[in-house]
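# Coordinates in review
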Amino acid sequence: MDIAIIGGGAAAVGLLDALAPTAARSGAAADTRGTVTVFDPSPHPWRGRPYGPDLDAVLVNAPPAIMSIRNGDFGHYAAWLGERGADHDDKLLGRPLVPRALYGEYLEHTAEKAMAALGEHGWEVRLVRARVTGAVRSAARLVLRTHDAQEHEVTDVALCVGGGTPADLYGLAGNPGFTADPYPLADTLGRVRAEDEVAVIGSGLTAVDVVVALAARGHTGRITMLSRGGVLPHVWQRPTDRRPRHVTADRVTELRRARGHVSLDDLIGLMREELAEVGEDFDEFAAVLGSAATEDPVRRLRRQIASIDDPRVGRRVLQEAAHSVGPYAWRLLPEADRTWLRRHVRTVNSVVSPMVPVNASILMGLLDSGQLAVTRGVDAIEPAGGRFRVRTGSGERTTTTVVNAVNPAPHSVPAAARQLVRSLVDSGLATRHPAGGLVPVDPHLHVVGDLAGGGSFITSSIPAIAAQASGTARALRGQGREAARS
């Protein structure tokens, strides 16, 4: 086998780790031999866009238990973190929340260990610092072209190219004072003067990162988060030891086998059972979730911070299930149910992609001081004589600096991979999914991460990426055994 992994971020690390033989998978890679070539031109391989060197204020947005890149091993990241985590403890969450750059070191370490393990078992593993721009099938091989006009023949390809970048919704690219993509914040915010008025487009986790990083840099100017809906992320609650007992993949499988299908009502039924078991009211829980789109965002943030230690399990169960069970359940839902969920995308993403308490507290302090405001109902943002005019339903105002922190569309193609994706489609190796993303046609092409078409609109979390990587590794090993027999 000659496997090409295109992209060198978290998905590639998860795939390498899943391919590598370990004590838990003794001999998993010993029945096949070949090469693994990772193509990644970035200056910081294994980290991807989110986890490169950046400000220490840019934190991992989840506790360690759900940041393991090894599928099924929830303690893998925590074990690597060890005593280093004590220096980054979030007192409200009761768990270490480290700078993303430190998490990037974990990904690097995991990739290097996996490559060494593969090498010890006879695999040749190499990193090629080139961008893949095209792919075609030639007899029994796939031929990859890189930007430097080189060709590489392989048997299998895994696309691990990461997620998209923020869309320029208001056509502001090229205007001085506009930042199209905020990461790395150490670079982009270095161009913002401390006294500048800053408008941040978006109110999701990226927008929260921008505001928190500005505060960490001692910004004194006014900051406004601009959003059409004005829905801030929920806030992580302190983790408990209780795991879901009803909203699980096993229960979803039982429903599918018994009824031949799974509906949103079925999933709601499982959630009702989960809450009833601990004496909680599902209808009350659902009403609170449903109010996210209409409740004042500042009032809701204050209430969320106050409920970090709330013992009720509803939100904790929903957040865990959305990432662990959600990708599987999504593929079983009828299209009408998927359409309903897409209509409530802001509320869903707010719940299942929460912000960490330390960031929530920083936002609350800025809001209470009057330095930060959240404005919803934005109609337009336009260049205006060296500044930017912001038009909302309640009037107009101007600002000097605009930072684009819009969440990328689900399954959007990263700019650096667009040429490759066009080539894959044109050559018949893949098709575009109607809802976004890429669907392999050739059985030797695999997609890991948010680019995988047909999945949920929820951006791939680390557990979801690790699960996808594990499934892809199983498929590759199966193809390797089949090729060896033939």
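Residues numbered from 1 in each chain as written. Predicted model: local features only at pLDDT ≥ 70, side-chain atom pairs only at ≥ 80, totals over all residues. Heavy atoms only, no water.

### Notes on the sheet that holds strand 7 (residues 141–146)
Quick note on the threshold: Two strands are said to pair when DSSP picks up at least two bridges between them. Only DSSP runs of H or I with at least four residues qualify as helices, and only runs of E with at least two residues qualify as strands; both kinds are numbered from the N terminus onward. Helix axes use the C-alpha atoms of the stretch in contact, all axes being lines fitted to C-alpha atoms, and the angles between their N-to-C directions lie in the range 0 to 180 degrees.
Read across the open sheet, the three strands follow the order 6-7-8; overall the sheet is antiparallel. Unpaired on one side and paired on the other, strand 6 (132–138) and strand 8 (151–154) mark the two borders of the sheet. Averaged over neighbouring strand pairs, the angle between their axes works out to 25° when direction is ignored. In terms of strand pairing, strand 6 meets strand 7 through six bridges, oriented antiparallel. Within strand 7, the position partnered with Val 132 by the bridge is Thr 146.

### Quick word on the confidence of the model for the protein chain
We apply this condition: Residue-level confidence of the predictor, termed pLDDT, takes values from 0 up to 100. Contact between two residues is taken to exist if any of their heavy atoms lie within 4.5 Å; hydrogens are not considered.
Averaged over all residues, the pLDDT of the protein chain equals 91, while 96% of them reach at least 70. Considering only residues more than four positions removed or in separate chains, one finds that residues 26–30, a stretch of pLDDT under 50, has seven contacts.

### Let's talk about helix 1 (residues 10–19)
For clarity, the cut-off: Using a 1.4 Å probe on the protein chains alone, a residue whose accessible area is under 20% of its type maximum counts as buried, one over 50% counts as exposed, and one in between counts as partly exposed.
For helix 1, the tally of buried residues reaches 10 of 10 residues, placing the bulk of the element in the interior. Along helix 1, the residues classified as buried are Ala 10, Ala 11, Ala 12, Val 13, Gly 14, Leu 15, Leu 16, Asp 17, Ala 18 and Leu 19.

### Focus: the packing of aromatic side chains
Both the distance between ring centres and the angle between the ring planes are used here to describe each pair of aromatic rings. Rule in force here: Under the pairing criterion, centres of Phe, Tyr and Trp rings, with the six-membered ring standing for Trp, must be within 6.5 Å; the plane angle then separates stacked pairs below 30 degrees from edge-to-face pairs above 60, leaving the rest tilted.
Under the defined criterion, the tally for this structure stands at six aromatic pairs. Here the aromatic rings of Tyr 77 and Trp 80 are separated by 6.4 Å at their centres, their planes lie at 20°, and the arrangement is stacked. Placement of the pair is Tyr 77 and Trp 80 together in helix 2 (residues 76–81), with a separation of three residues, close to one helical turn. Residue Tyr 77 is classed as buried on the basis of its relative accessible area, which comes to 2%. What makes Trp 80 buried here is its relative accessible area of 14%. Between Tyr 77 and Tyr 106, the aromatic rings sit 4.9 Å apart at their centres with planes inclined by 55°, giving tilted as the arrangement.

### Description of the side chain of Asp 90
Put simply, the test is: Neither His nor the chain termini are counted; the positive set is Lys and Arg, and the negative set is Asp and Glu. Just to be clear on terms, a salt bridge is a Lys or Arg side-chain nitrogen sitting within 4 Å of an Asp or Glu carboxyl oxygen. In the analysis that follows, any N or O atom pair within 3.5 Å is treated as a polar contact, provided that within protein one partner can donate a hydrogen and the other can accept it, and provided that, for residues neighboring in sequence, both atoms belong to side chains.
Note that Asp 90 resides in strand 3 (residues 89–90). Put simply, Asp 90 is tucked away with no salt bridge, and the nearest opposite charge, on Arg 238, sits 7.0 Å away. A polar atom in the side chain of Asp 90 sits 3.1 Å from the backbone nitrogen of Val 358.

### Description of the packing of helix 7 (residues 264–277) against helix 10 (residues 314–324)
Defined as follows: For this classification, under 35 degrees means roughly parallel, over 145 means roughly antiparallel, 65 to 115 means roughly perpendicular, and everything else is oblique. Each crossing gets its handedness from the near helix: less than a right angle anticlockwise from the far helix is left-handed, clockwise is right-handed. In this count, Pro and Cys sit with the nonpolar residues alongside Ala, Val, Leu, Ile, Met, Phe, Trp and Tyr, while Asp, Glu, Lys and Arg are called charged and the others, Gly among them, polar.
The contact between helix 7 and helix 10 brings their axes to 10 Å, and the two run at 140°. If you check the angle between helix 7 and helix 10, you find them oblique. Crossing of helix 7 over helix 10 shows right-handed handedness. Two secondary-structure elements touch here, helix 7 through Met 271, Glu 274 and Leu 275 and helix 10 through Gly 314, Val 317 and Leu 318. Within the contact of helix 7 with helix 10, the residues separate by chemical class into four nonpolar, one polar and one charged.

### Let's talk about the nonpolar core
What counts is decided by this rule: Here, nonpolar core refers to any group of buried Ala, Val, Leu, Ile, Met, Phe, Trp, Tyr and Cys residues whose side-chain atoms link them within 4.5 Å.
Ranked by internal contacts, the top residues of the largest apolar core, which has 46 residues, are Ile 5, Leu 15, Leu 16 and Tyr 103. Broken down by secondary-structure element, the contributors of at least two residues to this core are strand 1 (2–6), helix 1, strand 2 (35–39), helix 2, helix 3 (100–120) and helix 16 (462–485). The dominant element in this core, judged by the number of residues it contributes, is helix 3, at nine residues. Setting aside anything within four residues of it in sequence, one finds Leu 15 in contact with Ile 5, Ala 158, Cys 160, Ala 469, Thr 472, Ala 473 and Leu 476.

### Looking at the environment of Pro 327
Position of Pro 327 among the secondary structure elements: in helix 11 (residues 326–330). The sequence separation of Pro 327 and Gly 454 amounts to 127 residues, and the corresponding C-alpha distance is 9.4 Å.

### So, the sheet that holds strand 14 (residues 378–384)
Strand order in the open sheet formed by three strands is 14-15-16, and the pairing between neighbours is antiparallel. One side of each edge strand has no neighbouring strand; the edge strands of this open sheet are strand 14 and strand 16 (395–399). Within this sheet the neighbouring strands show an average axis-to-axis angle of 20°, counted without direction. Pairing analysis gives six bridges linking strand 14 to strand 15 (residues 387–392), with the strands arranged antiparallel. Residue pairing for strand 15: Val 378 is matched across the bridge by Thr 392.

### Remarks on the pattern of salt bridges
This structure, assessed with the given rule, holds 29 salt bridges. Between Glu 277 and Arg 242 there is a salt bridge, with the nearest N and O atoms lying 3.1 Å from each other. Note that Glu 277 is positioned in helix 7 and Arg 242 in the loop between strand 12 (223–227) and helix 6 (249–259), a separation of 35 residues in sequence. Glu 277 gets classed as partly exposed once you look at its relative accessible area, which sits at 39%. Residue class for Arg 242 comes out buried when judged on its relative accessible area of 17%. One salt bridge connects Arg 312 with Glu 284, and the closest N-O pair in it is separated by 3.7 Å. Remark: Glu 284 occurs in helix 8 (residues 282–290) and Arg 312 occurs in the loop between helix 9 (297–306) and helix 10; sequence separation between them is 28 residues. According to the relative accessible area criterion, Arg 312 is partly exposed, its value standing at 45%. We classify Glu 284 as partly exposed; its relative accessible area is 46%.

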